[in-house]
Structures are given as C-alpha cells and as structure tokens.
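Okay, here's what each chain looks like letter by letter:
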Amino acid sequence: MNLENEISSVEEEIEKVVQSDSELKANYKLVTSIKGIGPVIANNLIIKTENFKRISTAKKAAAFAGVCPYPNSSGKMSLKEKISHMADKKLKSLLFLAAKTAVAHNKEYSLYAERKKLEGKPYFLIMNNVSNKMLRTVYGVIQSRKPYDMNHICNDPRQMN
C-alpha cells in the first residue's frame, strides 16, 4: 500500500513537471496522440531522450532501446542478427508493450504485423519490428509537430517525380 502511494506521488510529480514546461507538454501531447503510447511510455521517452534532444533521430533511439538488429557476419560467415546487449532494457520492454497494444488497436500496425507473420517471421521479431516502426513514428510526429493521424497516407518519395 505504501509503495503504491509513493509510485502515484512520483507519477504526479512527473506530470507536474511535464505540464509546467510548454515544450515538454507539447511533445508529450504529440507522443501520446499515437495509439499504443500512453503516459508511462511517453514520459520514459521524454526522460531518456532528454525531450528528444540527446537522442535526436529514430535510428539512434532504436539502437538505444535495443529494437534495431545489428548484422553478425564476417567474410563468408553470416549468422543471425543480434541486438545490442547495452540497450536500455526497460525502454525496450515498454516499447514491446506499446507494440502489443498498437497491433491490437491500430490498423496500420496490425496490417504491418500480419504482413510480417505471412512472411514467416517469429512473433518476437515481429513485435521488435513494430516497436522500431513505432519509434520512427514518434520521431516523425515530433519533427513534423503534427499529431498522429491514422488516416494519413504517406506517399512514397521514390514515386514523387
């Protein structure tokens, strides 16, 4: 009971800090506009990336969170791709939970996961890919300064000309 009170008081303090700073508040609102990302994940992303300044790109964030695989090959030898052992495991587990929620409630991510499943990919690889895609979406929303829109159709830049 006492531990729950302490956790709720810490969460209230974090909420006060986020609401007191206009830049933090704006980024928090943008990040939570993505279905599957709630207050806990948004706060963790803001804290661990120092409001998206210390880790400024989705690629760096994916490496930091441990959701982007690194090739494991040398010469003619090619083994399974590995995830960095130095990754932030807490953030990775939160992104995994967000990916599960997004696959269940967001059509874009559920179609993506279904496509990967039809390719014969294992479940945890699919969830890792969805987590990576969610991080790219978060950074896209932060850079564009527009809330996430599930009906937005992204044009292929290769076909623009």
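Residues numbered from 1 in each chain as written. Predicted model: local features only at pLDDT ≥ 70, side-chain atom pairs only at ≥ 80, totals over all residues. Heavy atoms only, no water.

A. Spatial organisation of the side chain of Asn-132. Positionally, Asn-132 belongs in helix α7 (residues 123–144). Setting aside chain neighbours within four positions, we find Asn-132 in contact with Ala-62, Val-67 and Cys-68. (Helix = DSSP H or I, 4+ residues; strand = E, 2+ residues; numbered from the N terminus. Contact = heavy atoms within 4.5 Å.)

B. Spatial organisation of the nonpolar core. If you look at the biggest cluster of nonpolar residues, it comprises 38 residues, and the most contacted ones within it are Ile-37, Met-134, Leu-135 and Val-138. Those elements that place two or more of their residues in this core are α2 (22–32), α3 (39–48), α4 (58–65), α5 (89–105), α6 (107–118) and α7. Take this core: its biggest share by element is nine residues, from α7. (Core = buried A, V, L, I, M, F, W, Y, C linked by side-chain atoms within 4.5 Å. Buried < 20%, exposed > 50% of the residue type's maximum accessible area, 1.4 Å probe, protein only.)

C. The arrangement of the environment of Thr-57 in detail. With respect to the secondary-structure elements, Thr-57 resides in the loop between α3 and α4. Looking at Thr-57, the relative accessible area reads 31%, which means it is partly exposed. Along the chain, Thr-57 and Arg-136 lie 79 residues apart, while their C-alpha atoms are 8.4 Å from each other.

D. Up close: the side chain of Thr-137. Secondary-structure assignment places Thr-137 in helix α7. When its relative accessible area of 15% is taken as the criterion, Thr-137 is described as buried. Only 2.7 Å separates the side chain of Thr-137 from the side chain of Tyr-109, close enough to count as a polar contact. Thr-137 has contacts with Ile-34, Tyr-109 and Tyr-148, leaving out every residue within four places of it along the chain. (Polar contact = N/O pair within 3.5 Å; in protein donor to acceptor, adjacent residues only side chain to side chain.)

E. Representation of α5. Compared with the 24 Å implied by 1.5 Å per residue over 17 residues, the 24 Å span of α5 between its first and last C-alpha is a close match. All of the buried residues in α5 are Leu-91, Leu-94, Leu-95, Ala-98, Ala-99 and Ala-102. Take α5 and look down its axis: the buried residues cluster within an arc of 150°, on one side only. Structural note: α5 exposes Lys-89 and Ala-104 on the side pointing more than 90 degrees away from its buried face. For α5, the elements touching its buried residues are α3, α4, α6 and α7. (Expected span 1.5 Å × (residues − 1). Arc of directions from axis to C-beta.)

F. Just unusual backbone geometry, in detail. Phi angles above zero are rare outside glycine, and Asn-51 is one such case at about 60°. Considering the arrangement of structural elements, one finds Asn-51 in the loop between α3 and α4. The class for Asn-51 is buried, based on a relative accessible area of 10%.

G. A look at the pattern of salt bridges. All chains considered together, the criterion is met by six salt bridges. A salt bridge links Glu-13 to Lys-16, with the nearest nitrogen and oxygen atoms 3.9 Å apart. Of this pair, Glu-13 and Lys-16 both sit in helix α1 (residues 2–20), three residues apart, which is roughly one turn of that helix. Looking at Glu-13, the relative accessible area reads 46%, which means it is partly exposed. The partner of Lys-53 in a salt bridge is Glu-23, with the nearest N and O atoms 2.4 Å apart. Taken together, the positions of Lys-53 in the loop between α3 and α4 and Glu-23 in helix α2 put the pair 30 residues apart, joining distant regions of the chain. According to the relative accessible area criterion, Lys-53 is exposed, its value standing at 52%. (Salt bridge = Lys/Arg side-chain N within 4 Å of Asp/Glu carboxyl O.)

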